[in-house]
Each structure stands twice: as structure tokens, then as C-alpha cells.
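The chain contents come next:
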Amino acid sequence: MLDWIGTIIQGVLLGGLYALFAAGLSLIFGIMRLVNLAHGDLIVLAAFAILALASWFGIDPWLATLLAMPAMFAVGFGLQQLLLNRTLGRDLLPPLLVTFGLSIIIQNGLLEAFTADSRRLRLGAIETASIQLGGNLAIGVMPLLTLGSAIAVILLLNLLFYRTALGRAFRATSDDLEIAQLMGIDHHRIYAIAMAIAMLVATVAALYLGAGANFDPTIGPARLIYAFEAVIIGGLGSLWGTLAGGIVIGVAQTVGAKINPEWQILAGHLAFLAVVLLRPRGLFPRAED
Amino acid sequence: MSAALLETTGLDARYGDFQALYGIDSAVASGETVAIIGANGAGKSSYLKAIAGLIRTEPDSVRFEGRPIGGLGAANILKLGIALVPEGRRLFSSLTVEENLQIGSYARDVAGPWSLDAIYALFPALQRRRAAPSHTLSGGEQQMAAIGRALMSNPRLLLCDEISLGLAPIVIRNLYEVIPRIKQSGTSIVLVEQDLAQALKVADRVYCFQEGRVSLSGRPAELTREQIHLAYFGH
């Protein structure tokens with residue numbers, strides 16, 4: 001019994017990582033209806049940025065993450081302003097094709113710059129630290145920090161959305177683009193700021209991705225699938241739903257792995273299919289549209 | 001009459017292959033209230049959209065305070081001081097009433113007679129519903145919020161597209177009672193209106209549109225019913 005509780009706790013904590021992958025995706029889709037197929041690769045790009053900054057300056061990855069954040073903010077702003085804004089319109093296909101191409105460019109760029117070797121962000125003793133919960137139950141400090149960061153990120157994004165003038169402009173642009181322009185809102189700039197914020201979240205996700213497991217330039221797309229599933233399970237446009245979606249996949253994976261280690265990935269996808277069959281609009285769909 | 005605040009010269013407007021306006025010449029003086037009347041499809045709404053920048057036009061065909069603004073785009077035109085109350089209200093559905101008002105001054109936050117408090121004084125009903133999601137409002141309340149939202153940018157020129165559309169006569173009368181108070185604040189107004197009686201009552205001057213052209217213009221007192229009827233329907 002106790003080890004099943006342990007398994008579920010592990011799954012919930014793993015869900016924090018998937019929620020971090022997905023939060024940026026959910027934000028972007030919610031505001032500009034853009035499906036960013038390069039999101040996973042941008043997270044991997046951020047992980048390599050952290051790695052490079054840590055080794056250049058001889059600093060630990062925590063500090064390197066803080067340095068990488070403004071850089072990724074600028075990457076997101078520039079990417080949206082110079083490239084993705086030109087692809088947005090009535091047709092959904094151009095942004096899909098462009099971000100698909102971007103995904104390949106980022107992977108190959110990283111292969112050129114960093115080779116295909118597996119890397120890891122080394123955080124020292126904290127990687128193996130754990131908290132004893134009594135009995136035989138212990139939870140790792142890093143997974144706990146990951147989930148805590150996911151909750152903090154989503155809390156901050158919600159505060160931004162519902163308590164600030166910029167957040168009002170985000171929601172207004174998402175509701176009615178034409179009227180938002182009548183309010184003097186420059187929607188291209190709003191989109192660029194949104195993508196920049198999504199890249200800040202991606203950088204946080206990159207830290208936990210790189211510290212929790214090995215990574216190499218090609219792992220982005222596989223991570224993107226979990227992120228998409230989390231967004232869809234949660235309901236499009238709902239950030240708390242995205243967290244719930246991440247947790248559903250995380251728990252399904254750890255429970256599946258507990259039954260049979262080969263079932264880990266499959267169980268996550270089956271949970272996704274089950275939710276889509278039973279609740280096609282996700283667990284927490286927005287009231288409107 | 002003082003120099004024109006807004007002037008259109010040979011204003012054309014198109015939606016793709018369809019031409020909605022043919023060479024509209026018009027002027028709105030500072031402080032003036034102008035009504036645009038005419039049958040459905042006469043080009044009244046297109047005229048407002050062209051001025052507000054929602055339809056691309058030749059730069060020189062729309063001048064605001066003497067400067068060409070055609071083709072600047074809606075966001076830039078709002079910042080110059082032209083606000084549009086769109087047809088059908090179109091409040092932001094995921095924003096509360098107060099947030100809808102606040103977004104009105106997001107890009108043009110200038111000193112002037114209009115603020116949240118002033119809007120609530122103008123429309124007390126909105127103050128009671130300030131925290132409500134905008135889609136829960138009645139049609140009349142939604143129209144108040146849409147007018148308030150446009151006023152929040154303290155515009156020099158307020159464009160109102162069919163504010164009586166789909167509302168009960170008593171609600172329309174209440175809405176039109178605030179027009180003189182908006183006028184007193186110094187804002188110039190262009191109203192597009194199907195309700196001829198209301199339009200003629202509040203306007204200093206009217207333009208009648210017919211099939212994308214101006215068919216009649218003048219002061220309401222100087223126009224006869226027959227002239228208006230002819231300008232409306234062309235027969």
C-alpha cells in the first residue's frame with residue numbers, strides 16, 4: 001500500500017516537470033492561437049544556454065539560469081517580432097510549417113555547436129537529497145522543487161493575467177483582435193511580449209529538464225508531446241488545467257511503470273486518450289469559445 | 001464654424017472587390033455632433049471603420065487636425081484621439097465590466113474629463129455591475145460599457161456605430177440622454193444611426209448616405225421630411 005502512495009507522489013512530482021514544459025505552450029496558444037512545434041527545442045536550447053553560461057563563467061547552473069533568462073526573453077521577443085508575427089493570420093498552416101522548420105534548425109544548430117553528446121546540468125548534493133516521510137516513504141528534493149516551481153510559475157502567470165494592465169491587454173487581444181486594435185493595442189507587440197514570457201518559463205523548465213536527466217540536441221520533440229498532452233488534458237487556455245494535465249500524465253506514467261517498467265510511456269499516452277474520449281474539451285475548459 | 005477637426009476628401013473604401021464608399025467629402029468641426037443617416041448598406045459603418053483605421057484608405061483621404069491619417073492603422077489612430085464604439089458593442093467577454101473600461105485607457109492614458117469615476121457618474125448602472133463578467137450585462141448595460149470604454153481614452157472625436165441597435169425604445173432614450181453630456185465635455189461626436197428621430201434630435205449636422213455616396217447634408221432644422229426621404233431611398 002505504502003509503495004503505491006509513494007508511486008503516486010512520484011507521479012504528481014513528475015507532473016510538475018510536464019506542467020513546466022507545457023505552461024509556455026499553453027500561454028502562447030491561449031493568447032495568439034499559435035501552436036509552437038519548436039517549443040520543446042526552445043527548452044533544449046535554453047538548457048544548452050544554461051550549460052554554456054555555467055561553464056564559461058564557472059558558475060553553478062542556478063546562477064546560470066538567472067543569466068539565461070533575460071537572454072531567452074530576448075530570443076522569444078525577437079523570434080515573435082521578426083518571424084512568427086509574419087506567419088499569423090486566418091490560415092493555421094503557415095505558423096505550423098514555420099515552427100516545424102524552426103524545430104529542425106534549432107536541433108541542427110545545437111548539434112553543430114555542442115555535438116550529439118549527452119549532457120547534464122550538475123547541481124551537486126541537492127540532486128540526491130531527499131526528505132523522509134516516515135515508514136519507507138521518501139521524496140526527492142529536486143522533484144519537490146520542480147513541482148513547487150511549476151506551481152509558482154503558474155501562480156505568477158495568473159497574477160500577471162488577472163491583476164495587471166498587461167494581462168488585461170493579453171486577454172482582450174485573445175478575445176477580440178479587431179476591437180483590441182481599436183483600443184490602441186499593438187497586437188504584434190503583445191504577441192512578442194507573450195512569447196518572451198513563454199521563453200522565461202521555458203528556461204525554468206530547462207533547468208529541471210537538464211538537472212533531472214541527460215539531454216542532447218534531439219530530445220525536444222519527445223518532450224513536446226507530453227507538453228501538448230498536458231495542455232489538452234487540462235483544457236485549452238487554462239493554466240491551472242495545464243498543471244492538472246501534467247500531473248495526470250505524470251501519475252499515469254509512474255503507475256504504469258510500477259506495474260510493468262515497459263509501460264511507463266504507453267500509460268501516459270493511454271491516460272491522454274482516455275481523457276480525450278471522455279472529456280474532449282479537457283478537464284477545465286474555459287467558459288467562452 | 002471653427003476649422004475642421006476631421007475632414008474626409010474623396011474617401012473610398014473597399015472590402016476586397018466590393019467598394020463600400022465612393023468619394024465621400026465630409027467635415028466635423030471641433031465640438032460638433034454629426035449624425036450619419038441612411039438605409040442599410042449605404043456605407044455608414046464603413047465610413048466609421050475607414051476613419052478609425054479598420055479599413056485601409058489613401059493617406060490623404062482622411063485628415064485629423066490637418067494631418068493625414070488614412071492607413072495609419074487602428075491602434076495608431078486611437079492614440080491620436082479617435083475612439084470608436086463598435087456596432088454590436090463587442091465587449092471583451094473574458095474581462096469584467098471595470099476591466100473593459102480600464103482597457104479603454106490602456107494605450108492612451110491622457111488627462112481629461114473621463115475617468116472610471118466619471119464614467120460611473122454618467123452610467124450609475126455600470127458601477128453596480130463593475131465586477132460582473134461583461135457577458136452577463138443586459139444589452140443596454142453592454143452599450144453603456146462600450147461607450148464608457150471608448151470615452152476612457154479621452155478622445156477628441158468619438159465615433160458611435162448604431163448604439164440603438166437591438167435595444168428597447170426606453171433604453172435608447174436613456175442612452176441618448178447622455179450624448180449632450182458627452183458633448184459638453186468638449187468631445188466631438190459622429191453618430192451612425194438608424195433611429196432617425198434620435199439622430200436628428202442630438203445632431204448639429206447630418207449627412208445622409210446612399211449607396212456609398214453623400215446624398216444630402218445640412219442642419220436638421222433646415223431639412224424637410226421630403227428631402228430626407230428622397231436622400232434615404234433615392235425615389
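Further up the page is the structure itself.
All figures in this text were calculated on a predicted structure; none of them were measured in a lab.

Visitor: So what's going on with the overall build of chain B? Residues and values would help.
Guide: Helix and strand content of chain B: 10 helices and 10 strands. Relative to the compact-globule value of 18 Å for 235 residues, chain B shows a C-alpha radius of gyration of 17 Å, a close match. Dimensions of chain B, computed from the C-alpha atoms along their principal axes, are close to 50 × 35 × 35 Å. Residues classed as buried in chain B amount to 48% of the 235 residues present. Considering only intrachain contacts with a sequence separation of at least 6, the fraction spanning at least 24 residues in chain B is 66%.

Visitor: Talk me through the interface of chain B and chain A; I want residue IDs and the actual numbers.
Guide: Taken together, the contact pairs 21 residues of chain B with 16 residues of chain A. Of all the secondary-structure elements, those providing two or more residues to the side of chain B that touches chain A are helix H2 (74-80) and helix H3 (97-104) of chain B. Considering only residue class, the side of chain B that touches chain A consists of 12 nonpolar, five polar and four charged.

Visitor: Please give an account of helix H1 (residues 44-52) of chain B that cites residues and values.
Guide: Residue and element names in this part refer to chain B. The buried fraction of H1 is high, at nine of nine residues. All of the buried residues in H1 are Lys44, Ser45, Ser46, Tyr47, Leu48, Lys49, Ala50, Ile51 and Ala52. Immediately downstream of H1, the backbone of Gly53 shows phi near 90°, a positive value.

Visitor: Please give an account of the sheet that holds strand S10 (residues 213-218) of chain B that cites residues and values.
Guide: All names here are of chain B. Pairing within the open sheet is mixed, and its six strands lie in the order S6-S7-S8-S3-S9-S10. Of all the strands in the sheet, the pair left with one neighbour each is strand S6 (82-85) and S10. Here the strands of the sheet are splayed against their neighbours by 20° on average, with no regard to which way each runs. Two strands pair when backbone bridges link them, and strand S9 (residues 205-210) and S10 are joined in this way by five bridges, in the antiparallel orientation. Residue pairing in the sheet places Gln210 in a bridge with Arg213 of S10.

Visitor: Residue-level account of the pairing of strand S2 (residues 18-29) of chain B, with values.
Guide: Residue and element names in this part refer to chain B. The sheet contact formed by strand S1 (residues 4-15) and S2 spans eight bridges and is antiparallel. Among the inter-strand pairings, Tyr15 is bridged to a residue of S2, identified as Phe18. As consecutive antiparallel partners, S1 and S2 are separated by two residues, and within that stretch Gly16 has a phi angle of approximately 60°, a positive value.

Visitor: Tell me about the packing of helix H6 (residues 165-175) of chain A against H3 of chain B, and please be specific about residues and values.
Guide: Two numbers describe how H6 of chain A lies on H3 of chain B: the axes approach to 10 Å, and their chain directions differ by 100°. When the axes of H6 of chain A and H3 of chain B are compared, the pair comes out roughly perpendicular. Two secondary-structure elements touch here, H6 of chain A through Arg168, Ala169 and Ala172 of chain A and H3 of chain B through Glu99, Gln102 and Ile103 of chain B. Along the lines of polarity and charge, the residues of the contact of H6 of chain A with H3 of chain B split into three nonpolar, one polar and two charged.

Visitor: Before we move on, can you summarise H3 of chain B with the specific residues and values?
Guide: Counting buried positions along H3 of chain B yields seven of eight residues, so the element is predominantly enclosed. Along H3 of chain B, the residues that are buried comprise Val97, Glu98, Glu99, Asn100, Leu101, Ile103 and Gly104 of chain B.

Visitor: How would you summarise the packing of helix H1 (residues 2-32) of chain A against helix H9 (residues 220-234) of chain A if you had to cite specific residues and measurements?
Guide: All names here are of chain A. Relative orientation of the contacting elements H1 and H9 amounts to 65°, with a least axis distance of 8 Å. In this view, H1 runs roughly perpendicular relative to H9, as classed from their interaxial angle. The way H1 lies across H9 gives a crossing that is right-handed. Facing Tyr18, Ala19, Phe21, Ala22, Leu25, Ser26 and Phe29 of H1, the residues of H9 in contact are Arg223, Tyr226, Ala227, Phe228, Ala230 and Val231.

Visitor: Break down the nonpolar core for me, with residues and values.
Guide: Formed by 161 residues in total, the largest nonpolar core has its most connected members in Leu20, Ala46, Ile50 and Ala194 of chain A together with Leu159 of chain B. Per-element tally for this core: the top contributor is helix H8 (residues 187-212) of chain A, with 20 residues. Excluding anything up to four places from it in sequence, Ile50 of chain A contacts Pro61, Ala64, Thr65, Ala68, Leu121, Ala206, Leu207 and Gly210 of chain A.

Visitor: Can you explain the sheet that holds S1 of chain B? Please cite residues and give values.
Guide: Residues and elements named next belong to chain B. The antiparallel open sheet is built from four strands, whose spatial order is S2-S1-S4-S5. The sheet is open, and its two edges are formed by S2 and strand S5 (67-68), each paired on a single side. H1 rests against S1, S2 and strand S4 (62-64) of the sheet, and its axis sits at about 70° to S2.

Visitor: Any chance you could break down the pairing of strand S8 (residues 188-192) of chain B for me, citing the residues and the numbers?
Guide: All names here are of chain B. Taken across its five residues, S8 has five buried, putting it largely inside the fold. On S8, burial covers both faces: Ser188, Val190 and Val192 on one face and Ile189 and Leu191 on the other are all buried. As defined by bridge partners, strand S3 (residues 33-38) adjoins S8 across four bridges and the pair is classed as parallel. Counted as the bridge partner of Thr33 is Ile189 from S8.

Here is what the cut-offs are and how they apply
Residues numbered from 1 in each chain as written. Chains lettered and ligands numbered in written order. Predicted model: local features only at pLDDT ≥ 70, side-chain atom pairs only at ≥ 80, totals over all residues. Helix = DSSP H or I, 4+ residues; strand = E, 2+ residues; numbered from the N terminus. Rg over C-alpha atoms; globule rule 2.2 N^0.38 Å. Buried ≥ 20, exposed ≤ 12 C-beta atoms within 10 Å, placed from the backbone. Contact = placed C-beta atoms within 7 Å. Nonpolar A, V, L, I, M, F, W, Y, C, P; charged D, E, K, R; others polar. Pairing = 2+ DSSP bridges. Axes fitted to C-alpha atoms, helices over the stretch in contact; angles between N-to-C directions. Parallel < 35°, antiparallel > 145°, perpendicular 65-115°, else oblique. Left-handed = near helix turned anticlockwise from the far one by under 90°. Core = buried A, V, L, I, M, F, W, Y, C linked by C-beta atoms within 7 Å.

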